[in-house]
Amino acid sequence: NIMSLESKQIATIRTLAADVVQKANSGHPGAPMGMAAMAHVLWGEVMKYSPKNPDWMGKDRFVLSNGHSCALQYLMMYLTGYDSVGMDDLKKFRVCRSRTPGHPERHATKGIEVSTGPLGQGISNAVGLAIAESHVAATYNKPDFKVFNNFTYVLCGDGCMQEGVASEACSLAGHLKLGKLIVLYDDNNITIDGDTDLSFTEDVGKRFEAYGWQVLEVKDANHDTEAIKAAIVLAKQETEKPTIIKCKTVIGFGSSKEGTHGVHGAPLGEDDIAQVKEKFGFDSKQKFFVPEEVLSAYRGKIDEGKKMVAEYEKMYSKYEAKYAKEAAEIKRRFAQKLPEGWEDVLPTYKPGDKALATRSLSGKVLNALANIMPELVGGSADLTPSNKTALGCTVDYQSTSPQGRYIRFGVREHGMGAIGNGLHAYGGIVPFTATFLTFIEYMFPAVRLAALSGSFI
């Protein structure tokens, strides 16, 4: 059979994912094979990024929330030309200290936005990324310059939909009308235990509609790339709501065990991989095979990305010339440098001074720093009066006031922690979060990921 280039690209993603996991003899081949068409559309046609400039400020942000399927992200980074992931790195998948660990890790692989793995964390981080974009855009964009103008894309699965932290963060995202947040939900009805009918029968679409999201559906995300692209176009047109696209897929597409939990968390096996390759028209004996025309097509993103960066830098130079003060502040913030003299504004006390509660002292310090640190953005989980975290120099961050720096997280401690990680990952922001000490237990997974990632919170 004569395959179109696009079909060959998607088939390559599926067979390469199977080889990567098989070589490691551990991992999750099913989700990457099922999400191959979605990944192709995102990396091949939709997302704005530069493989050779992964820190580019103007890029779209991508989060793989179902981090166990990270073979997919690594192989897409290899195909599109990221320096951080070569073919040898794919062959070292899940090897200790490799650049392709068993879950995406921000500190291990250049180009990974956030560390994911614990389900629900990534989609919640993405809410923070989207808040950050809207905030810095409202702060620094001018009528003639859109310095900050990116979308945040997420791939997630049924596990993320079940974790409570995702519910907390997505509820807040709907309230805040984060129109540049687009989630592609791998709706394959399979978890490790088996079919989702065992424990998860809610209507996810209605749930997200109740949150205030736009809900779209692609009925055949195994093949129908045009439907995936059309849904993303509609998502980008909706500026007042975040969007979730329910993409119906078959986990492990092409495997003899497709559509079952048997392809979720274990290698396919050599015999199954051989028949998958034959089914897609490839040589069953070739491992880690990438057709030349497929690699060439994806590597075209290198020059495309360089052109986008060059155009952005040209625009930014004009912005810098016209708005020197704002440009200097952006440069300082994204370099993670604190303003000069920040120590001098801190309140001082003597042993004989009247005793104050530590939360009161904390509030005084926060407000002193907030006056000279526009990057200080954060809030409390519905404990503002008790935590003393209100900032007198700014207004609340809301959909009608995205320039505001105080976030009302509501009673959502876990979501708050994960959103804080996303705020930091965007760049240019020093987030703070607050609750009672005893409630930090609600936040521990997000706090642990912040520590592992070296996040500045």
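What this report covers is the structure whose coordinates are included nearby. Predicted model, so just to flag it, every value in this text is computed and none were measured. (Residues numbered from 1 in each chain as written. Predicted model: local features only at pLDDT ≥ 70, side-chain atom pairs only at ≥ 80, totals over all residues. Heavy atoms only, no water.)

**Looking at the nonpolar core**
Next up, step 1: With 57 residues, the main nonpolar core has Val147 and Leu181 as its most contacted residues.
Next up, step 2: Looking at which element gives the most residues to this core, the answer is helix 6 (residues 121-140), with 10 residues.
Next up, step 3: Apart from residues no more than four positions distant in its own chain, Val147 is found in contact with Met57, Asn141, Tyr312, Met315, Tyr316, Tyr319 and Ile330.
Next up, step 4: Membership of the second largest hydrophobic core comes to 53 residues, among which are Ile13, Val21, Ala36 and Ala39. (Core = buried A, V, L, I, M, F, W, Y, C linked by side-chain atoms within 4.5 Å. Buried < 20%, exposed > 50% of the residue type's maximum accessible area, 1.4 Å probe, protein only. Helix = DSSP H or I, 4+ residues; strand = E, 2+ residues; numbered from the N terminus. Contact = heavy atoms within 4.5 Å.)

**A closer look at the pairing of strand 1 (residues 61-64)**
For a regular strand, side chains alternate in direction, first toward one face of the sheet and then toward the other.
Next up, step 1: Of the two faces of strand 1, the one carrying Arg61 and Val63 and the one carrying Phe62 and Leu64 are both buried.
Next up, step 2: Pairing geometry for strand 1 and strand 2 (residues 152-157), over four bridges, is parallel. If you follow Leu64 over to strand 2, its bridge partner there is Leu155. (Pairing = 2+ DSSP bridges.)

**Points about the sheet that holds strand 7 (residues 243-248)**
Next up, step 1: The strand order 1-2-3-7-6 describes an open sheet built from five strands, whose pairing is parallel. The outermost strands of the open sheet, each flanked by one partner alone, are strand 1 and strand 6 (214-218). Neighbour-to-neighbour, the strand axes of this sheet turn through a mean angle of 20 degrees, independent of strand direction.
Next up, step 2: Looking at chain direction, strand 2 and strand 3 (residues 181-187) are connected through six bridges and run parallel. Paired with Thr152 across the strands is Leu181, a residue of strand 3.
Next up, step 3: Contacting strand 1, strand 2, strand 3 and strand 7, helix 3 (residues 36-46) crosses the sheet at an angle of about 170 degrees to strand 2. (Axes fitted to C-alpha atoms, helices over the stretch in contact; angles between N-to-C directions.)

**Concerning helix 14 (residues 358-370)**
Next up, step 1: Taking 1.5 Å as the rise per residue, helix 14 with 13 residues should run 18 Å; its terminal C-alpha atoms sit 18 Å apart, in good agreement.
Next up, step 2: Taken together, the buried positions of helix 14 are Gly363, Leu366, Ala368, Leu369 and Ala370.
Next up, step 3: As for helix 14, its buried residues are in contact with strand 8 (376-380) and strand 11 (430-434). (Expected span 1.5 Å × (residues − 1).)

**Description of helix 16 (residues 413-426)**
Next up, step 1: In this model helix 16 runs 20 Å from its N-terminal to its C-terminal C-alpha over 14 residues, within 8% of the 20 Å that 1.5 Å per residue would give.
Next up, step 2: Of all 14 residues in helix 16, 14 are buried, a share of seventy percent or more.
Next up, step 3: After helix 16 finishes, the residue Gly427 shows a positive phi value of roughly 105 degrees.

**Observations regarding the pairing of strand 11**
Next up, step 1: In terms of burial, strand 11 is largely enclosed, as four of its five residues are buried.
Next up, step 2: Across five bridges, the pairing between strand 8 and strand 11 is parallel. Bridged to Ser380 within strand 11 is Ala434.

**Side note on the side chain of Asn125**
Next up, step 1: Topologically, Asn125 is positioned in helix 6.
Next up, step 2: For Asn125, the contacting residues outside a window of four places in its chain are Val114, Ser115, Thr116, Ala418, Asn421 and Gly422.

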